[in-house]
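# Chains, contacts and geometry: an overview
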Amino acid sequence: MSATLLAFVVRLLPASRRDWGRAMLAESAAIPPGRDRRSHALGCAAVVVCQPAVLRTLAYPLAAVAVLAGVLRWSAGIAYQPLRWGVVGVIALLLAVALAARALGPVAAGRTARAVRAGGCLLVAALTAAFAAAAGHHGPPDEQARTAVPIFAVLLTSYLIGFLALTAARTAVTGRALAAGVAAACAAAGVWLALQVAFPPLPTNVGGALFTIGCGVAATLHARGGALAALSVGVLAPLLVFGGVVLLSVYGPPRLIPDLVPAALSPADDLANSRIEIQDPYVAMLFLACLSALTLTAAAVTTRRPAATMAAC
């Protein structure tokens, strides 16, 4: 059993340290069977597991298991079982995609790519948490299980794959272009949201948001950020706009909320329902981000640099 454990952890070592691991296996095999061999194998396994590269390899699946266990426990509060297992399935799918990120290539070297990948994953996690928290509270549960769950599964997965593809090591985008795209997306979303706060209420159409995002895309292309950086604006900016609208509609002062339910029984009901209704037009931002993410993924995969070029770098 101890020899099997040592053989397993040795396979977790990076290629550059694999010979060291094989030497441990050979040394352990040379010890006569018994307590001494078991102690040696377990000690070697402990040394291997403590290596930073192995810890990073193990951390992701262990964290995924912990998250999934937490989701299973939390989702017990969703009474309609098809909806509950649909939410669990979406989260399990996202965790599986994150764990399989190496199919798109490891993250590119440099702080910019790592920061964008981490920020993108956190943004998708926040959107997923918001989707899960809303499950069972907005509309009939059976309708949510049939319609909302599959739609959000596609949307959230497309965003995650887009961020992973954009920041992969062989993706043909420089760190500078990547930073320019993120800056343009944040600027476009920030300017639009600032204008809505300065000149309330929130508009009931997405025309202004689309114009501002288009300006961010154009600015990225003008700065010679490239098509991939421009597409990243099309993914990130709509998500930031949607997130900002949701936060403002829930926590913003009444002056930001247009009167969308004048037939409500009371002003308080009018405001509460209008806060919910104002979010509906901006669901279009989620679909725009999905389309951009799918295009970005296809472009990133088809234009990635050859492995020989990466090795030369």
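Heads up: the structure comes first, above all this text.
Structure report, in brief. A quick note: this is a predicted structure, and the numbers were derived from the prediction, not measured.

## Description of the overall build of the chain
The helix and strand inventory of the chain stands at 13 helices and 0 strands. Its helices and strands taken in sequence order, the chain reads α-α-α-α-α-α-α-α-α-α-α-α-α from the N to the C terminus. Seen along its three principal axes, the alpha-carbon backbone of the chain occupies a region of about 85 × 50 × 30 Å. Summarising the internal contacts of the chain: among those between residues at least 6 apart in sequence, 72% fall at separations of at least 24. With the model as given, the accessible surface of the chain reaches about 16500 Å², and the carbon-plus-sulfur share is 69%.

## Some thoughts on the pattern of salt bridges
The tally for this structure, following the rule as stated, stands at 1 salt bridge. Here Arg146 and Asp142 are joined by a salt bridge, their closest N and O atoms 3.5 Å apart. Taken together, the positions of Arg146 and Asp142, both in helix α7 (residues 141-166) and 4 residues apart, correspond to about one turn of that helix. You can call Arg146 exposed: its relative accessible area is 57%. Residue classification places Asp142 among the partly exposed residues on the basis of a relative accessible area of 30%.

## Remarks on the packing of helix α6 (residues 111-134) against helix α8 (residues 175-198)
α8 packs onto α6 with a crossing angle of 40° between their chain directions and a minimal axis gap of 8 Å. Between α6 and α8 the crossing geometry is left-handed. Each of Thr112, Ala113 and Val116 in α6 lies in contact with α8, whose residues at this interface are Gly175, Leu178, Ala179 and Val182. Tallied by class, the residues present in the contact of α6 with α8 amount to 5 nonpolar, 2 polar and no charged.

## A word on unusual backbone geometry
Each neighbour pair has its own omega, and for Pro200 with Pro201 the value is 0°, a cis peptide bond. Tracing the chain through its elements places Pro201 in the loop between α8 and α9 (207-222).

## Describing α8
One turn of the α-helix equals 3.6 residues, which is why residues spaced by three or four share an orientation. Between the first and last C-alpha of α8 there are 34 Å, a value that for 24 residues agrees with the 34 Å anticipated at 1.5 Å per step. By the burial criterion, the buried members of α8 are Ala177, Leu178, Gly181, Ala184, Ala185, Ala188, Ala189, Trp192, Leu193 and Gln196. Looking at the buried side of α8, the elements it contacts are α6, α7, α9 and α10 (227-251).

## Let's talk about the nonpolar core
Membership of the largest hydrophobic core comes to 65 residues, with the highest contact counts inside it found for Val87, Tyr159, Leu239, Val241, Tyr282 and Met285. If you list the elements that add at least two residues to this core, you get α5 (81-99), α6, α7, α8, α9, α10 and α12 (283-302). The contact partners of Val241, leaving out residues within four places of it in the chain, are Ala189, Trp192, Leu193, Ala209, Ile213, Tyr282 and Met285. Counting residues in each nonpolar core, the second largest holds 9 residues, with Val10, Cys44, Val48 and Val54 among its members.

Thresholds, definitions, all that
- Residues numbered from 1 in each chain as written.
- Predicted model: local features only at pLDDT ≥ 70, side-chain atom pairs only at ≥ 80, totals over all residues.
- Heavy atoms only, no water.
- Helix = DSSP H or I, 4+ residues; strand = E, 2+ residues; numbered from the N terminus.
- Contact = heavy atoms within 4.5 Å.
- Areas by Shrake-Rupley, 256 points an atom, 1.4 Å probe, with all protein chains shown as cover.
- Salt bridge = Lys/Arg side-chain N within 4 Å of Asp/Glu carboxyl O.
- Buried < 20%, exposed > 50% of the residue type's maximum accessible area, 1.4 Å probe, protein only.
- Axes fitted to C-alpha atoms, helices over the stretch in contact; angles between N-to-C directions.
- Left-handed = near helix turned anticlockwise from the far one by under 90°.
- Nonpolar A, V, L, I, M, F, W, Y, C, P; charged D, E, K, R; others polar.
- Expected span 1.5 Å × (residues − 1).
- Core = buried A, V, L, I, M, F, W, Y, C linked by side-chain atoms within 4.5 Å.

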